[in-house]
Amino acid sequence: MTKLDAKIPEGPLAEKWTKYKASAKLVNPANKKKLDVIVVGTGLAGAGAASSLGELGYQVKNFCFQDTPRRAHSVAAQGGINATKNYKNDGDSIYRLFYDMIKGGDYRSREANVYRAAEVSNDVIDHFTAMGVPFARDYGGNLDNRSFGGVQVSRTFYAKGQTGQQCLLGTYSSLNRQISQGTVTMYPRREMLELVIINGKTRGIITRNLITGEIERHSAHAVVLATGGYGTIYYLSTLAVNSNPSAAWKAHKKGAFFANPSFIQIHPTSIPQLNEYQSKLTLMSESLRNDGRIWVPKKKDDKRVANDIPEDERDYYLERRYPAFGNLVPRDVASRAAKERCDAGYGVGKTGLAVYLDFRDAIKKQGEKAIEAKYGNLFELCRIITGINPYKDPMHIYPAGHYTMGGLWVDYNLMTTIPGLFSIGESNFSDHGANRLGASALMQASGDGYFILPYTISNYLADDIKTPRISTDNQEFEDAEKSVKERLEKLVSINGTQTATSFHKRLGEIMWNYCGMSRNEEGLKKAKQMLKELKDEFWTDLIIPSDLNDVNQELEKAGRVADYFEVADLMVDDALNRTESCGAHYREESQTPEGEALRDDKNFSYVAAWEYTGELKPYKLHKEELKFVDVEVKERSYK
Amino acid sequence: MKLTLKIWRQKNADAKGKFVTYDFDGASPDMSFLEMLDAMNTKLIKARIDPVAFDHDCREGICGACGMYINGHPHGPGKAITTCHLSMREFKDGDTIYVEPWRAKAFPVVKDLIVDRTAFDKIQIAGGFISTNVGSAPDSHAIPVEKRKADEAFDSAVCIGCGACVAACKNASAMLFVSAKISQLALLPQGRIEATERVQAMVNKMDELGFGNCSNTGACEAECPKEISLVNIARLNREFYFAKIQ
Ligand code: SF4
Ligand code: FES
């Protein structure tokens with residue numbers, strides 16, 4: 001087994017990044033103009049990187065599949081963004097945020113990267129404020145904070161329940177500024193379908209123009225993937241329905257290792273599935289757990305309406321099981337606890353797959369107005385979708401697929417195992433271990449894009465200043481384009497009877513049942529077999545419209561579902577390999593007598609990075625051993 | 001539910017479009033409007049008919065991708081919601097539903113219900129930002145902002161760029177959209193520095209792109225899924241005149 005080199009700088013944890021910056025190679029302004037960088041994705045990470053690189057003077061080409069960069073899925077993040085400002089004087093510090101993230105990630109993330117993410121968090125907030133992001137303020141005119149799951153300080157900055165939207169629109173504005181200055185060229189409605197490697201270095205991508213169907217070649221000195229996660233693997237998830245891992249997957253098949261694919265966060269507070277036609281699940285921000293109390297009836301199959309159930313017949317199971325953190329336990333713990341209650345027959349609602357999130361006590365104490373100011377738009381969302389008025393009756397919630405901690409393996413430079421290919425934001429694996437804490441996704445994506453990648457990519461490009469603009473006439477582009485066209489033609493020529501969505505739904509069901517909140521060997525093996533059969537069925541019975549030179553949304557879906565079969569297979573392999581429980585990855589075979597996740601540090605304190613070795617060949621596992629120098633590895637307890 | 005859907009079909013920007021009638025009896029009141037269209041499209045695909053193309057992504061009212069003109073209203077019946085939040089409960093068995101794309105010179109039809117809204121991006125590119133470089137920001141508390149103003153800026157900043165305001169307006173004006181950005185940045189001290197140039201650049205761009213004039217009818221406000229208020233337009237006008245006399 002190869003040892004992976006994470007290229008972590010020497011020296012004490014708190015000095016690594018400063019030292020790195022001081023010694024990183026630089027590119028002078030005249031040379032920057034001659035260097036092209038492709039950024040795929042326009043979320044906080046992608047658009048942040050594109051605008052930051054544009055400001056530095058690089059020539060940036062930025063791609064997204066939506067009609068405009070402002071719609072990237074960062075827009076939907078609700079709750080907030082963490083920073084260690086310690087404006088509340090409650091004892092916060094960079095170290096504390098770092099510690100919370102390491103512990104929250106169940107000791108499966110890389111110390112140096114996590115520390116750096118915490119370190120740049122303050123810069124991110126300052127930058128957003130300067131760009132006009134209207135964060136919530138107190139009466140003194142200062143920024144307000146709230147607390148989020150899994151921590152004991154208030155370090156979360158927010159803009160009502162629309163923090164992601166406000167941060168993304170701020171980032172979109174900085175992107176627009178660079179577009180106006182000619183440093184960034186925007187390519188919307190493009191889907192990346194292949195990565196181009198020349199002489200071992202990443203030199204471009206092949207895209208499909210989603211309007212004309214044209215297959216296009218784009219070259220650059222380096223490529224950055226900021227393409228998000230693979231949470232839609234469950235079909236129903238909190239993600240935008242078009243979110244997909246295809247770009248990252250193409251890179252993986254070209255040689256980029258994929259790390260910890262089975263680490264996927266199931267968010268505890270989503271609106272439960274209401275019917276079989278449903279195309280997505282809507283998240284209710286975790287911030288609601290600050291004031292809402294989660295409970296189920298103490299009696300099984302209690303059919304009374306919630307408000308008729310007296311206090312002593314309610315089981316506030318999180319407060320009961322985890323007195324120290326109560327309703328604010330981390331997401332993986334809260335999700336599993338909800339599943340446990342529902343599986344045991346205490347679930348509520350039509351399907352029994354829901355628990356109550358109740359604001360009665362908070363409204364009594366703080367008044368309806370105060371609650372409305374904090375959560376008004378979320379309550380409204382709940383009312384629109386479910387018809388429940390949370391001011392009067394408790395919300396129904398249930399866990400849903402949400403965020404992927406796993407992703408492309410990157411070193412300290414955020415570079416994948418392919419030279420010149422970088423991965424930032426949710427698409428990489430590095431900062432959240434086996435479970436992500438609330439309000440740290442926006443933080444990490446922005447930190448990667450605005451403040452970290454610009455340094456590390458310059459360090460890489462400094463060795464490439466003599467390379468002239470890359471021509472797209474190279475044989476490698478020719479070959480890549482050909483393989484993309486062949487695959488599209490293969491998809492349209494199947495000419496069967498079932499739609500891409502129907503396959504996606506079935507794939508999602510398999511993954512949710514056997515590789516979701518709780519996993520075991522037997523189930524995973526079964527899933528592997530089922531996936532194989534379903535994949536064969538897909539490749540023989542798919543139906544999509546055949547026109548390749550037109551808007552063809554079914555073709556887009558089909559391509560993504562085809563990739564999902566492969567992602568799913570690797571995810572199952574990874575879950576099988578990791579026989580311990582950690583964070584969101586819960587192997588039933590590895591639990592404490594109280595049913596909590598039981599880690600196996602002796603055998604699994606490593607990042608599992610998987611190498612693709614060819615169609616239908618087994619994956620090769622590479623291990624990056626995790627060393628904890630600055631935190632003591634402990635049992636992760638929230639009791 | 002049995003429905004008669006009259007849907008605008010148009011192959012591309014240059015082709016002539018027309019309403020095509022589909023009798024569809026697979027709808028259920030539990031579905032969202034987009035899920036109903038998904039179900040209808042599945043039927044079309046299986047019958048080897050090109051499905052109806054429409055933009056959508058988050059399906060939770062925040063990305064601004066979805067947007068159709070349904071029975072004469074942008075985003076359909078229902079107040080302050082996007083098309084993706086429109087529920088089939090709003091319709092009855094036997095209803096006839098007209099579905100069209102946004103109609104505006106500045107938003108050419110791409111295909112069926114998809115329109116090209118890049119004109120909105122162009123207006124933002126003209127000046128919808130604060131010129132501050134990464135790494136140059138002072139501490140966030142260096143400039144306190146009055147809570148009332150910060151809240152107002154937030155209320156303007158929630159615009160999702162869907163284009164319903166333009167579709168609702170008989171002049172196809174983009175004033176509500178533009179004024180939302182102008183207001184957000186004008187209300188914050190950080191945005192004041194460039195306020196003069198910004199309002200001129202954005203308004204000029206809007207005119208250049210073929211959006212119509214504002215005649216204060218207020219249809220935009222009534223149809224806006226995010227309840228962006230007309231007060232923003234008043235603020236834009238004030239900013240614009242101040243900029244002129246400066
Ligand atoms: S102002 Fe309202 S209607 Fe117009 S684009 Fe913004 S959100 Fe849509
Ligand atoms: S699909 Fe995003 S707002 Fe409707």
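Residues numbered from 1 in each chain as written. Chains lettered and ligands numbered in written order. Predicted model: local features only at pLDDT ≥ 70, side-chain atom pairs only at ≥ 80, totals over all residues. Heavy atoms only, no water.

Student: What am I meant to see in the overall build of chain A here?
Tutor: Per the secondary structure count, chain A includes 18 helices and 19 strands. A compact globule built from 639 residues should have a C-alpha radius of gyration of about 26 Å, and chain A, at 24 Å, falls within 12% of that. Counting only C-alpha atoms, chain A reaches 75 × 60 × 50 Å along its principal axes. When burial is assessed residue by residue, chain A has 68% of its 639 residues classed as buried. Measuring between centres, the 84 positive side-chain charges of chain A sit 2 Å from its 83 negative side-chain charges. (Helix = DSSP H or I, 4+ residues; strand = E, 2+ residues; numbered from the N terminus. Rg over C-alpha atoms; globule rule 2.2 N^0.38 Å. Buried < 20%, exposed > 50% of the residue type's maximum accessible area, 1.4 Å probe, protein only. Lys, Arg positive; Asp, Glu negative; His and termini not counted. Charge placed at Lys NZ, Arg CZ, Asp CG, Glu CD.)

Student: So what exactly am I meant to see when it comes to the overall build of chain B here?
Tutor: Counting secondary structure elements, chain B contains nine helices and seven strands. If one aligns the C-alpha atoms of chain B with their principal axes, the spans along those axes are about 60 × 35 × 35 Å. Within chain B, the proportion of its 246 residues that are buried is 58%. Intrachain contacts of chain B at a sequence separation of at least 6 include 69% that bridge at least 24 residues. Roughly 9,900 Å² of accessible area belongs to chain B as shown, and the carbon and sulfur atoms make up 52% of that amount. (Contact = heavy atoms within 4.5 Å. Areas by Shrake-Rupley, 256 points an atom, 1.4 Å probe, with all protein chains shown as cover.)

Student: Just to check I follow, could you spell out the environment of Lys 374 of chain A for this structure?
Tutor: All names here are of chain A. With respect to the element layout, Lys 374 can be found in helix 12 (residues 368–386). Along the primary structure Lys 374 and Ala 30 are separated by 344 residues, whereas in three dimensions their C-alpha atoms are 49 Å apart. Not counting the four nearest positions on each side in its chain, Lys 374 is found in contact with Arg 146, Asp 291 and Gln 366.

Student: Explain the interface of chain B and chain A here, please?
Tutor: Interface size, as often reported, equals the accessible area lost upon joining of the parts. Residue-level contacts link 69 residues of chain B with 72 residues of chain A. Roughly 5,900 Å² of surface becomes buried between chain B and chain A when both sides are summed, with 53% attributable to carbon and sulfur atoms. The interface formed by chain B and chain A includes seven salt bridges. Counting the contacts that link chain B with chain A gives 38 residue pairs in polar contact (both at pLDDT 80 or more). Sorting the residues of the side of chain B that touches chain A by element identifies helix 1 (33–46), strand 6 (109–111), strand 7 (114–115), helix 2 (118–127), helix 3 (147–157) and helix 5 (175–187) of chain B as the ones contributing at least two each. By residue number, the principal contributor to the side of chain B that touches chain A is helix 3 of chain B, which donates six residues. Among the residues making up the side of chain B that touches chain A, the classes are represented as 34 nonpolar, 17 polar and 18 charged. (Buried area = accessible area lost by both parts, 1.4 Å probe. Salt bridge = Lys/Arg side-chain N within 4 Å of Asp/Glu carboxyl O. Polar contact = N/O pair within 3.5 Å; in protein donor to acceptor, adjacent residues only side chain to side chain. Nonpolar A, V, L, I, M, F, W, Y, C, P; charged D, E, K, R; others polar.)

Student: Even after reading the chapter, I still don't get the side chain of Ser 243 of chain A, so can you show me in this structure?
Tutor: Summarising the element assignment, Ser 243 of chain A is placed in the loop between strand 9 (222–225) and helix 8 (246–253). Once residues within four sequence positions are removed from consideration, Ser 243 of chain A is found in contact with Phe 65, His 73 and Thr 232 of chain A together with Asp 57 of chain B.

Student: Is there a simple way to think about helix 12 of chain A in this case?
Tutor: Residue pairs spaced three or four apart in an α-helix point in one direction, given the helix's 3.6 residues per turn. Residues and elements named next belong to chain A. Taking 1.5 Å per residue, 19 residues should reach 27 Å; helix 12 reaches only 20 Å between its end C-alpha atoms and comes up short. Of all the bends in helix 12, the greatest, near 80 degrees, is centred on Tyr 375. Among the residues making up helix 12, those that are buried are Ile 371, Tyr 375, Gly 376, Leu 378, Phe 379, Leu 381, Cys 382, Ile 384 and Ile 385. In the core, the buried residues of helix 12 are packed alongside helix 11 (360–366) and strand 15 (395–404). Within two residues after helix 12, Gly 387 carries a phi angle of roughly 80 degrees, on the positive side. (Expected span 1.5 Å × (residues − 1). Bend = angle between axes of the 7 residues up to and from the residue.)

Student: I tried to follow the site of ligand 1 on my own but got confused; where do I start?
Tutor: Residues and elements named next belong to chain B. The local shell around ligand 1 holds 13 residues, among which Cys 159, Cys 162, Gly 163, Cys 165 and Cys 224 are the closest. Breaking the shell around ligand 1 down by element, the ones donating at least two residues are helix 4 (164–168) and helix 5. Looking at side-chain class alone, the shell around ligand 1 contains 11 nonpolar, two polar and no charged residues. (Near = heavy atom within 4 Å.)

Student: Even after reading the chapter, I still don't get helix 8 of chain A, so can you show me in this structure?
Tutor: Residue and element names in this part refer to chain A. For helix 8, a buried count of seven out of eight residues is recorded, marking the element as mostly surrounded by other parts of the structure. Here helix 8 has its buried residues at Ser 246, Ala 247, Ala 248, Trp 249, Lys 250, Ala 251 and His 252. Positive backbone phi, approximately 125 degrees, marks Gly 255, located one or two places after helix 8.

Student: What am I meant to see in the packing of helix 3 (residues 44–56) of chain A against helix 7 (residues 163–180) of chain A here?
Tutor: Think of two packed helices as two axes; the pair is described by the angle between the axes and how far apart they sit. Residue and element names in this part refer to chain A. Axis separation between helix 3 and helix 7 bottoms out at 9 Å; the angle between their running directions is 30 degrees. Taken together, the axes of helix 3 and helix 7 lie roughly parallel to each other. Between helix 3 and helix 7 lies a crossing whose hand is left-handed. For the pair helix 3 and helix 7, the contacting residues are Leu 44, Ala 47, Gly 48, Ala 50, Ser 51, Gly 54 and Glu 55 in the first and Cys 167, Leu 168, Thr 171, Ser 174, Leu 175, Arg 177 and Gln 178 in the second. (Axes fitted to C-alpha atoms, helices over the stretch in contact; angles between N-to-C directions. Parallel < 35°, antiparallel > 145°, perpendicular 65-115°, else oblique. Left-handed = near helix turned anticlockwise from the far one by under 90°.)

Student: How should the nonpolar core be read in this particular structure?
Tutor: Ranked by size, the top nonpolar core spans 105 residues in total, and within it Ile 233, Leu 288, Met 511, Phe 538 and Leu 542 of chain A carry the most contacts. In this structure Leu 288 of chain A touches Leu 357, Phe 359, Tyr 375, Leu 378, Phe 379 and Met 395 of chain A, once residues within four positions along its chain are discounted. (Core = buried A, V, L, I, M, F, W, Y, C linked by side-chain atoms within 4.5 Å.)

Student: Explanation requested: the sheet that holds strand 12 (residues 293–297) of chain A in the structure shown.
Tutor: Within a sheet, adjacent strands bond to each other through the backbone by hydrogen bonds, running parallel or antiparallel. Residues and elements named next belong to chain A. Strand order in the open sheet formed by five strands is 11-15-14-12-13, with antiparallel pairing between adjacent strands. Each edge of the open sheet is held by one strand with a lone partner, namely strand 11 (264–270) and strand 13 (314–315). Summarising the sheet, strand 11 and strand 15 pair through five bridges and their orientation is antiparallel. Looking across to strand 15, one finds that Ile 264 is bridged to Thr 404. (Pairing = 2+ DSSP bridges.)

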